[in-house]
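# Results of the structural survey
Each chain, letter by letter, is given below.
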Amino acid sequence: MRPSLARALIRPLVLAATLTAIPLVGAAPVAADSVVVGGFPIDVSQAPWTVALSSRDRFGGTRAGQFCGGVAVARTTVITAAHCLAEGVLGAPPNRVRDLKVIAGRTHLLSSEGQEIAVQDARVNPGYDSRTNTGDFAVLTLAKPLPQSAVVAMAGAGDPAYKPGTQALVSGWGDTTGEGAYARRLYAAHVSVLPDDQCARAYPGGPDGTFQAGSMLCAGEAAGGPDACQGDSGGPLVAAGRLIGLVSWGSGCGRQGSPGVYTRVSEVVRGLDAASAGRKLPHKGS
Ligand code: ARG
């Protein structure tokens, strides 16, 4: 997972020819390996909390510098995946990337819709472990507030939205084919929250990673199909109007038996609470 992740992030992303050809929600699954299916184009107004992380200096302008997703959880706070801000991705610590921005309220990356807001501060979860992917979240403070209508609530521990079988929506500008076809417009896919024991069986440990229920959740469909993919990282998984996951990792994209793995947002809530109480986030999981 690490190599493909780094590769994907360094080589910006495009959405699927396949998806443009089949613009149906829940379209019949395509069997090919590593192909994200069941995705569909959406307007950002349908998931206004979805933002793009951008650095044109680092990733060029062909897709407005988009390299990861993020989620607005307060007017000046965006959360994303810790691995999106790794030095291997950005080429420098995030607070040194001068043109690191959040693009909000924009469906098509190359349009001028919505706004681009500078990132004033970036904090990677001190408990993040790049080897196991536990605690894969980071917090960005924006230089200007977003509209309140862009903000989504985070689901705390015990929220019923985490129940297996819950329908959730993942959104982003990532790869639509599993082969580096990065989108220029926003897509989404419907996935179900899967039981932790099923995720643990899918990822018992190996090159792609180990599932850890304390800090991760997984979602997809038993037969494969709809899934997030490279370039969607850091973006939202929302169920019942609340944020439950951040796109984190997986083995390929949309493969049967390899569901998408997400940072469990209740862990982010715990981390934010600890940070505001001046405590360091204890390392959990592993
Ligand atoms: N790590 C990827 C990224 O950086 C996200 C991978 C998600 N994969 C999946 N099959 N859901 O963009």
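Residues numbered from 1 in each chain as written. Predicted model: local features only at pLDDT ≥ 70, side-chain atom pairs only at ≥ 80, totals over all residues. Heavy atoms only, no water.

Attention now goes to the packing of aromatic side chains. Under the criterion given, the structure shown has two aromatic pairs. Ring geometry for phenylalanine 59 versus phenylalanine 67: centroids 4.6 Å apart, planes at 15 degrees, classification stacked. According to the relative accessible area criterion, phenylalanine 67 is buried, its value standing at 1%. (Phe/Tyr/Trp six-rings, centres within 6.5 Å; stacked < 30°, edge-to-face > 60°. Buried < 20%, exposed > 50% of the residue type's maximum accessible area, 1.4 Å probe, protein only.)

Take the pairing of strand β11 (residues 216–220) next. The element β11 is largely enclosed, with a buried count of five among its five residues. Neither face of β11 is open: one carries Met216, Cys218 and Gly220, the other Leu217 and Ala219, and all of them are buried. Pairing of β11 with strand β14 (residues 260–264) involves four bridges; the strand directions are antiparallel. Residue pairing across strands places methionine 216 opposite threonine 263, the latter belonging to β14. (Helix = DSSP H or I, 4+ residues; strand = E, 2+ residues; numbered from the N terminus. Pairing = 2+ DSSP bridges.)

This brings us to the side chain of arginine 63. For arginine 63, the location among the structural elements is in the loop between α3 (56–59) and β3 (66–74). Although buried, arginine 63 forms no salt bridge, and the nearest oppositely charged side chain, aspartate 232, lies 7.7 Å from it. In terms of polar contacts, arginine 63 uses its side chain to reach the side chain of glutamine 66, at 2.9 Å. (Lys, Arg positive; Asp, Glu negative; His and termini not counted. Salt bridge = Lys/Arg side-chain N within 4 Å of Asp/Glu carboxyl O. Polar contact = N/O pair within 3.5 Å; in protein donor to acceptor, adjacent residues only side chain to side chain.)

Taking 1.5 Å of rise per residue, twelve residues should cover 16 Å, and helix α6 (residues 265–276) covers 17 Å from first to last C-alpha, within 8% of that figure. For α6, the set of buried residues is Val265, Ser266, Glu267, Val268, Gly271 and Ala274. Contacts made by the buried residues of α6 are with β4 (77–80), β8 (153–154), β13 (242–249) and β14. Phi for glycine 278, located one or two positions after α6, is positive at around 75 degrees. (Expected span 1.5 Å × (residues − 1). Contact = heavy atoms within 4.5 Å.)

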